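# Structural overview
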Amino acid sequence: MKNTYFKIDPWKIIEKDFDPAKVKASESIFSLGNGAMGQRGNFEEQYTGESFQGSYIGGIYYPDKTKVGWWKNGYPEYFAKVPNAPSWIGIHILMGDLPLDLNKCLEIKNFRRELDMKTGIYTRSFEAQLSKYNRVGVKVKRFLSMEESALGIIHYELKALRGSSELSIDSFIDGHVKNQDSNWNDTFWAHKNKINSEKIILLHSQTLKTEFDVATYAYTQLFDHEGKSLGNFSNSEKDYRISQNKKYFLNEGTDCTIVKFGGHINGMNHDVSDFENIANRLVKEASEKGFDELEKKHSEAWASIWDQSDIQIDGNDKAQQGIRFNIFN
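Now for a description of the structure that goes with this document. No experiment lies behind these values; they were computed from the predicted model shown.

Right, let's talk about the sheet that holds strand E18 (residues 234-238) for a bit. Sheet architecture is open: five strands sit in the order E9-E8-E14-E19-E18, paired in antiparallel fashion. Each edge of the open sheet is held by one strand with a lone partner, namely strand E9 (98-99) and E18. Strand direction decides the pairing type here: strand E8 (residues 91-95) and strand E14 (residues 165-174), joined by five bridges, are antiparallel. Paired with His-92 across the strands is Asp-170, a residue of E14.

Below you can see the structure in the form of structure tokens.
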């Protein structure tokens, strides 16, 4: 791996300081996968700067018609594209009427993100000055479970460093996706069904032409600074963006934590009629285990992989980092 703005570490990929010009490249480097699904390192919160959104599902493809003229003899009629799937990671935050958006903040300090290849955990932290009177600290952990292949987990902590404000949380799945490499700007998905309940939000989608079925689902919890659950979210939807919403007043100096479970259920492995039951089971089991237990099991699974797959290079941390990045991917 060519190292430019990343720190050298034998087990980690580390980025310090926020640079909008490097966001798209970093989204690639900080991608996660568990063999069944993959997720680019996109921000959970709103980001109005340049970004390349990407969620992917193993085995799902779309035959995109080649865009060439008669002179391109030998070109195939179609290219098999991996379609960008509906996203489950979105957690948009308003503090009062101010959006948490790193493209609009007055100042960003202590930005750091880290991919721990040893544990398969992605973390990100920063402090954002939203206005003269509002400053917030954010710490995020995310992983795609190696224990349960259809499950991803986000742990999103907010702390009011200066100023108190009412939080408006919009945790959603979004079916408004497209592939930037689509030859004809085609939409690759048709959305078949949606569920918007207290237990889960779910969108059943099917690829055009190849007719692969996928359920994208999510469930969100909110905890106060003492770890007390703050009850169910309300629901809303607009077309194929399905949301769980909650308001919470965050006092200066205190914090709260959003925990989100979600992912993709692949119709190649499960019957479409079972999508809702499977999503409910995944959410129920994940909620009962809690974030810490899920993280522990996930890290143990990665430890087992590294026991079998690690290559050790003595005396050259840059080479060690590079070979482990390749093994991780």
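Having seen the structure, we can now continue with the description.
Moving on, we get to the nonpolar core. Counting 52 residues, the largest nonpolar core has Ile-93, Leu-100, Tyr-156, Leu-158 and Leu-167 as its most contacted members. In contact with Leu-100, not counting residues within four places along its chain, are Glu-45, Gln-46, Ile-93, Phe-126, Ala-128, Leu-130, Val-136, Val-138, Tyr-156 and Leu-158.

On to unusual backbone geometry, then. Unlike most non-glycine residues, Asp-17 shows phi in positive territory, near 75°. Within the secondary structure layout, Asp-17 lies in the loop between strand E2 (12-16) and helix H1 (23-29). Residue classification places Asp-17 among the exposed positions, given a relative accessible area of 55%. Although it is not a glycine, Lys-209 sits at a positive phi angle of roughly 70°.

Moving on, we get to the pattern of salt bridges. Opposite charge on two side chains lets them pair, provided their charged atoms get close. Taken as a whole, this structure holds 21 salt bridges when the rule is applied. Of the charged contacts, one joins Glu-15 and Arg-113 as a salt bridge, the two residues approaching to 2.7 Å between their closest N and O atoms. With Glu-15 in strand E2 and Arg-113 in strand E10 (residues 107-116), the pair connects residues that are 98 residues apart, well separated along the chain. Residue Glu-15 shares its accessibility class with Arg-113, and that shared class is buried. Measuring nitrogen to oxygen at the nearest pair gives 2.9 Å for the salt bridge that ties Asp-64 to Lys-81. Note that Asp-64 is positioned in strand E6 (residues 62-65) and Lys-81 in strand E7 (residues 78-81), a separation of 17 residues in sequence. Across the pair, Lys-81 and Asp-64 agree in class, each one buried.

Our next topic: the sheet that holds E2. Read from one edge to the other, the open sheet built from ten strands follows the order E1-E2-E10-E11-E12-E13-E20-E17-E16-E15, with strand pairing classed as antiparallel. Because the sheet does not close on itself, it has two edges, and the strands there are strand E1 (6-7) and strand E15 (189-196). Bridge analysis of strand E12 (residues 134-144) against strand E13 (residues 152-162) gives ten bridges, and the strand direction is antiparallel. Residue Val-136 lies in a different strand from E13, and its bridge partner there is Ala-160. The strands touched by helix H2 (residues 275-309) are strand E11 (121-131), E12, E13, E15, strand E16 (201-207), strand E17 (213-223) and strand E20 (255-266); relative to E17, the strand with the most contacts, the crossing angle is about 55°.

This paragraph deals with the pairing of E16. For E16, a buried count of seven out of seven residues is recorded, marking the element as mostly surrounded by other parts of the structure. Both faces of E16 are covered, namely the face carrying Ile-201, Leu-203, Ser-205 and Thr-207 and the face carrying Leu-202, His-204 and Gln-206. Note: E15 against E16, seven bridges, orientation antiparallel. Among the inter-strand pairings, Lys-194 is bridged to a residue of E16, identified as Leu-203. Counting the residues in the hairpin turn of E15 and E16 gives four residues. Sheet topology note: the E16/E17 ladder contains six bridges and is antiparallel.

Reading guide: rules and limits
- Residues numbered from 1 in each chain as written.
- Predicted model: local features only at pLDDT ≥ 70, side-chain atom pairs only at ≥ 80, totals over all residues.
- Heavy atoms only, no water.
- Pairing = 2+ DSSP bridges.
- Helix = DSSP H or I, 4+ residues; strand = E, 2+ residues; numbered from the N terminus.
- Core = buried A, V, L, I, M, F, W, Y, C linked by side-chain atoms within 4.5 Å.
- Buried < 20%, exposed > 50% of the residue type's maximum accessible area, 1.4 Å probe, protein only.
- Contact = heavy atoms within 4.5 Å.
- Salt bridge = Lys/Arg side-chain N within 4 Å of Asp/Glu carboxyl O.
- Axes fitted to C-alpha atoms, helices over the stretch in contact; angles between N-to-C directions.

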